Structures are given as structure tokens and as C-alpha cells.
Amino acid sequence: MSAPTDGPAALATDVAERIAGIVRAEHGRVIAQLIRRLGDIDLAEDAVADALVTAWERWPRDGIPPNPGAWLTTTAGNRAIDRIRREGKRDAKHQAAMMISDDSPAPDDGPVTDDRLRLVFTCCHPALALENRVALTLRLLGGLTVEEIARAFLVPETTMAQRITRAKQKIKAANIPYRVPREADLGERLGGVLAVLYLVFNEGYLATAGPGLRVDLSTEAIRLARQLTGLVTHPEADGLLALMLLTEARRDARISDGSLVTLGDQDRSRWDAALIDEGHALVRRCLARNQPGPYQLQAAINAVHTDALDASMTDWSQIAQLYDQLLAIQPSPVVELNRAVALAELDGPEVALAIVDRLDLTTYHAWHVTRAELLRRLGRPDEARAAYDAALALVENEAEKAYLISRRG
Amino acid sequence: MTQYLLSVIHEGGLPHLTEAEIQQSFIDTGAFNDEIQASGHWVFAGGLEAPETATVVDNVRGQNLITDGPYVEAKEQLGGFWIIEATDLDEALAIAARGSLACKNPVEVRPFQGE
């Protein structure tokens, strides 16, 4: 539900933006609680949608209520009762009674749990396909409209709507429980949640910012990751947030004149110091806990990079050590590739190229780019040019293309 | 409570188990069956004879066509199944994980339609 855009009902942009911002901020909490009380995602969604219609009608006229979240919760609850009664289902009286009286957490869960945790673990359940998890999480927890999510991912609205429908159908048919996983499973299941958020973040990574036109996925991912670290205490959650913050901090320096600027060449004065400080603080906290994991290690690598005032001051030795640790727990050719880039700075391009050539990554554009850069440094321009061409064939992003073309010569 | 079909998938063509490993999987599966019977999850289960022993009956248009062999001609075939009752999918998946480990094959978990 978003603001009407035509005729006398059209709103001043700033009012509309304020309301949209509040809706997004509160949506997760409101719908999470409603789903628990109703035991039905579709009904909860419809009830919240009804409440939003009322909000969009009344708030511009009467002003935004002092506690908009509470207003939405109460209104959506009432709309749910209306719907239950209207639909006249067999167990309607029972459902309505549950709604009115049951304001407490479900008894079997022990200590009080924030309903948003139940919601995020359900939306990110491993039994759901990853793209469907992403869609459902952004819709329910993020409070984005289907249209907003579709546009952000550059897919038709019907496609995105289908993903959400499939996820909800599977949750219902297979009886996926609305629950925070047991302590023993929490780490693994949290990994699934983090993967969803990281995917969303990366989708926004090289997106060209369009004010008000496209929801910024990186910003959304950071917002949800912040929520998550407030709800669950786990070093990998902190690690992911740190990784996102440290990556996002370099955003303004990443693109210049429509072309990508690599880390070594970026104007570091354009980095966001506040985000870097926050990221570094999180990394230090993670180091103190000493329960390393892949996101924490990647965050630490980014912290070493962002610690250097100048590219020449980069502590490559520490970076290489961190990649060694990462390889030990999450071996992959991509990590080997990134480690080789660090080794090039320590042991020279020849050693690095030998490692890179052993990797089976011919469909990965960054592999070709790395080879191209190393070959260039080794004074083998023809082979370098061939590698740049191979990379260009795999790259779709315009800024990246522009960069590669300029390097290719 | 929901009933689930846990299908044991035989991936034909893949280098599979040694004779000793096969024997061990029988023992482990037997132990697993005992566990889920004791815990009350068991509804029904059984191992199936090889796909070559199957016969397809197609009486859709009243012609009662009979064909030798499994319906789907694929490397992957159904080797057996458990029908269990579980509180929710998480419980069913945990049971399937133990079943898959015991019988040394992937297991597909599918909910039955509600009443």
C-alpha cells in the first residue's frame, strides 16, 4: 500500500515519504505479532493492508499518531477480527476470541521472544528456495511493497508476487512452524538468515542510486541486519553487519564518471568515516569474542583495508593471514582467488598468477579480471587483453564495463 | 500434527556402497525404525522391490493399458518410504535427517494434504 499519486488525493512528497518510512520501520513488528496471534500469514497480511489503507487516509489529514507502531498494531488487530467475522469460517468465534484475549507470548517458547525473530526465521527457513526467502523477508519483515521489491531486483511484479505466494503456500502446506529454532539449531539456521540479508545487500552493491525511484537494497539490508543484531546475540550476525557497513562506507568512492574505481585507486576522503568507525568497533568486539566465522573474517579483512589511510599503507600480510583463516573454515575457489590477490602484494604477481591459473573459475568475471591485472603487471599485454575481453563478456554492469574497457586499452 | 511421506531416493548409476556398508545400513535403518516406532512418529514404512518389478496400469480412458517397468524412466527411483506423523516440518526434517543417514540415501519429505 503506498500513497495515491493523482488528483486532489496526491500528497506532498515529504509527508508521503515520512509515512512510507514509518510503515517500513514498523511493518515487521506489527505483522510478526499478528501472525503469531492469528496463526495465519495471509490473514495477517490482509489485516495489515487494511490498517495501512486507514493510515494513508487519516494520517495526512489528522497527523501521524505519536506511537504509530501501536496504532498500526491495534488497528490491524481490529481489522483482523472484522475479517474473521465477515468470512464466517467454522472456527471464527474461536479465532476472534483468541485475538481479543491473547496478548501474551506462546507458552511453549519459554522466555519472551520478540515476534520479529519468529518471523525472520520462518521467512528464511531452509526449506524455502533462496529467491523466495528473499522476497518474503523483504515483504513481511522489511515492509516493502511487492512492486518496490520487484523494481529493486529488476524483475516483473508478477514474478516477485509468485515468489512470495510460493513461499507462503509452502509454509502452510508443509507446516513450517512459526518459531525461533532450538538453541542447538540456531547457528545453522541463522546462517540461512544471514545469507538472505547478504544477498539483498549485494544486489544493491553496484546499483546506480535513483532518489525515490528504486528502493536501495543495500540500505534495506543494513537496516534489517541492525534489527537482527538487536534481536539475537551471535558473532556472525555482528560480523555480517560489520561487513556491510565497511563495504557501504566506500560507496561514494566506488563510482566516478560512470566508471568503477577499484579499492586501490579510490579517493579515501570520500569514504564514510562514521560507518567505518561503527564497522571497526563491531570487528573489535568480534575479535574479543574469539568465535571466528566467515562473515566476521570477511569483515576483518575489510577492516584492515579501511584502516589504511592510503592504499600503499595496506597491511597485506594481515589480510593474507585472514584469508588463510577463511580458507580453513570456508574453502572455496573464490576465497582462494581473493587470497591470491593479497599474495600478489607480498610475493609478487608470478606466484599469484600460478595460484589463480589452478582455479576452475572460467565463468566468474573476477577471475578473468584478476588474471588480466596480473598479466599486465608481468608485462604480458596480449594475454592481458584477452583476459579483459573474457571478463567483459561476463560483465553486465555498465560501471564495471567502463572500468574494464579503460584498463584493457 | 501433519503426516509426511519420506521417500527414499535411489540414485541409480552412482558408485554406491560396499557390501559391508550396505549391511550396516540395514542394521542402522532397523534401529531407526525402532526409534520412530517407540517415539510414536511411525505410521507405516517399507522397502520396495527394484523398479524392474513394477507394472504401470493406465485405465484413464478405460483401455486398461498394462506396461512392464516403472512409470518414470529415470536413473533416480523410489527405493522405499516412511509415513510419519510429526508436529511440524522441522520435526519431520529432523527425523528425515536421521533416516537418510541410516539408509545412506537422500530422503524427500512431502506433506500429505490435510483432511
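Values in this document were obtained by computation on a predicted structure and should not be read as measured data.

About the criteria used
Residues numbered from 1 in each chain as written. Chains lettered and ligands numbered in written order. Predicted model: local features only at pLDDT ≥ 70, side-chain atom pairs only at ≥ 80, totals over all residues. Heavy atoms only, no water. Helix = DSSP H or I, 4+ residues; strand = E, 2+ residues; numbered from the N terminus. Buried < 20%, exposed > 50% of the residue type's maximum accessible area, 1.4 Å probe, protein only. Contact = heavy atoms within 4.5 Å. Areas by Shrake-Rupley, 256 points an atom, 1.4 Å probe, with all protein chains shown as cover. Expected span 1.5 Å × (residues − 1). Arc of directions from axis to C-beta. Phe/Tyr/Trp six-rings, centres within 6.5 Å; stacked < 30°, edge-to-face > 60°. Lys NZ or Arg CZ within 6 Å of the ring centre and 35° of its normal. Salt bridge = Lys/Arg side-chain N within 4 Å of Asp/Glu carboxyl O. Nonpolar A, V, L, I, M, F, W, Y, C, P; charged D, E, K, R; others polar. Pairing = 2+ DSSP bridges. Axes fitted to C-alpha atoms, helices over the stretch in contact; angles between N-to-C directions. Core = buried A, V, L, I, M, F, W, Y, C linked by side-chain atoms within 4.5 Å. Parallel < 35°, antiparallel > 145°, perpendicular 65-115°, else oblique. Left-handed = near helix turned anticlockwise from the far one by under 90°.

1. Structural notes on the overall build of chain A
Thought 1: Check the secondary structure of chain A and you find 20 helices and two strands.
Thought 2: The buried share of chain A, taken over its 409 residues, is 49%.
Thought 3: Residue pairs in contact within chain A that sit at least 24 positions apart in sequence constitute 64% of those at least 6 positions apart.
Thought 4: In the form shown here, chain A has an accessible surface area of approximately 19900 Å², with 51% of it arising from carbon and sulfur atoms.

2. Observations concerning helix 15 (residues 316–329) of chain A
Residue and element names in this part refer to chain A.
Thought 1: The terminal C-alpha atoms of helix 15 lie 20 Å apart, and with 14 residues this matches the ideal 20 Å at 1.5 Å per residue to within 8%.
Thought 2: Restricting attention to buried positions, one finds in helix 15 the residues Ile319, Ala320, Leu322, Tyr323, Leu326 and Leu327. The buried residues of helix 15 all sit within an arc of 160 degrees when viewed along its axis, so they share a single face.
Thought 3: Tucked into the core, helix 15 has its buried residues touching helix 14 (294–307) and helix 16 (333–347).

3. Here we look at the packing of aromatic side chains
Thought 1: Counting across every chain of the model gives four aromatic pairs over all chains.
Thought 2: Ring geometry for B:Phe44 and B:Phe81: centres 6.2 Å apart, planes at 45 degrees, overall tilted. You can see B:Phe44 sitting in strand 2 (residues 42–47) and its partner B:Phe81 sitting in strand 5 (residues 76–86), a full 37 residues away along the chain.
Thought 3: Across the ring face of A:Trp367, the terminal group of A:Arg371 is positioned such that the distance to the ring centre comes to 5.4 Å.

4. Topic: the interface of chain A and chain B
Thought 1: Every contact between the two is made by nine residues of chain A and, on the other side, eight residues of chain B.
Thought 2: Counting the contacts that link chain A with chain B gives three salt bridges.
Thought 3: A salt bridge links A:Arg179 to B:Asp88, with the nearest nitrogen and oxygen atoms 3.0 Å apart.
Thought 4: Its residues assigned to classes, the side of chain A that touches chain B comprises five nonpolar, two polar and two charged.

5. Concerning the pairing of strand 3 (residues 55–58) of chain B
Look at any regular strand and the pattern is simple: side chains alternate between the two faces of the sheet.
All names here are of chain B.
Thought 1: Sheet topology places strand 3 next to strand 4 (residues 65–68); four bridges connect them, and they run antiparallel. Looking across to strand 4, one finds that Thr55 is bridged to Asp68.
Thought 2: Linkage of strand 3 to strand 4, two consecutive antiparallel strands, is achieved through a turn of six residues, within which Gly62 is found at a positive phi near 75 degrees.

6. Quick look at the sheet that holds strand 2 of chain B
Residues and elements named next belong to chain B.
Thought 1: One open sheet accounts for four strands, arranged 2-5-1-6; its pairing is antiparallel. At either margin of the open sheet sits one strand with a lone partner, and together these are strand 2 and strand 6 (107–111). Averaged over neighbouring strand pairs, the angle between their axes works out to 20 degrees when direction is ignored.
Thought 2: Relative to strand 5, strand 2 runs antiparallel, the two sharing five bridges. In the strand pairing of strand 5, Ala45 is matched with Trp82.
Thought 3: Across the face of the sheet, helix 1 (residues 19–38) comes into contact with strand 2 and strand 5 while running at roughly 25 degrees to strand 5.

7. Things to note about helix 18 (residues 365–377) of chain A
Residues and elements named next belong to chain A.
Thought 1: With 13 residues, helix 18 extends 19 Å between its outermost C-alpha atoms, agreeing within 8% with the 18 Å of an ideal straight helix rising 1.5 Å per residue.
Thought 2: Counted residue by residue, helix 18 has 10 buried out of 13 residues, so it is predominantly covered.
Thought 3: For helix 18, every residue scored as buried is listed here: Ala366, Trp367, His368, Val369, Thr370, Arg371, Ala372, Glu373, Leu374 and Leu375.
Thought 4: Contacts made by the buried residues of helix 18 are with helix 16, helix 17 (349–357), helix 19 (381–394) and helix 20 (398–408).
Thought 5: Where helix 18 terminates, the next one or two residues include Gly379, which has phi positive at roughly 70 degrees.

8. Quick notes on the environment of A:Thr113
All names here are of chain A.
Thought 1: Locating Thr113 in the fold gives a position in the loop between helix 4 (92–101) and helix 5 (115–123).
Thought 2: Among the residues examined, Thr113 registers a relative accessible area of 17% and is labelled buried.
Thought 3: Remark: the alpha-carbon pair of Thr113 and Thr73, spanning 40 residues in sequence, is separated by 17 Å.

9. Here's the deal with the pairing of strand 1 (residues 2–11) of chain B
Thought 1: Relative to strand 5 of chain B, strand 1 of chain B runs antiparallel, the two being bridged by 10 bridges. Each bridged residue has a counterpart across the sheet, and for B:Gln3 the counterpart in strand 5 of chain B is B:Glu85.

10. Considering the nonpolar core
As a rule of thumb, nonpolar side chains are buried together in soluble globular proteins.
Thought 1: Judged by nonpolar contacts, the single largest core of 136 residues is most densely connected at A:Leu119, A:Leu138, A:Phe153, A:Leu228, B:Trp82 and B:Ile84.
Thought 2: Filtering out sequence-adjacent residues up to four positions away, A:Leu138 remains in contact with A:Gly143, A:Leu144, A:Ile149, A:Phe153, A:Val200, A:Leu217 and A:Leu224.

11. Concerning the side chain of A:Glu26
Residues and elements named next belong to chain A.
Thought 1: Assignment of secondary structure puts Glu26 in helix 1 (residues 13–38).
Thought 2: Its relative accessible area of 17% is what places Glu26 among the buried residues.
Thought 3: Those residues in contact with Glu26 that lie beyond four places of it in its chain are Gly69 and Leu72.

12. Quick notes on unusual backbone geometry
Thought 1: Non-glycine residue A:Asn175 carries a positive phi angle of around 60 degrees.
Thought 2: Mapped onto the secondary structure, A:Asn175 falls in the loop between helix 8 (157–173) and helix 9 (183–203).
Thought 3: Its identity as a non-glycine residue notwithstanding, B:Lys104 has a phi of 60 degrees, on the positive side.

13. Quick look at the packing of helix 16 of chain A against helix 18 of chain A
Residue and element names in this part refer to chain A.
Thought 1: The interhelical angle for the contact between helix 16 and helix 18, taken along N-to-C directions, is 15 degrees, at an axis separation of 11 Å. In terms of axis orientation, helix 16 runs roughly parallel to helix 18. Of the two possible hands of crossing, helix 16 and helix 18 adopt the one that is left-handed. Facing Leu337, Val341, Ala344 and Glu345 of helix 16, the residues of helix 18 in contact are Ala366, Trp367, Thr370, Leu374 and Arg377.

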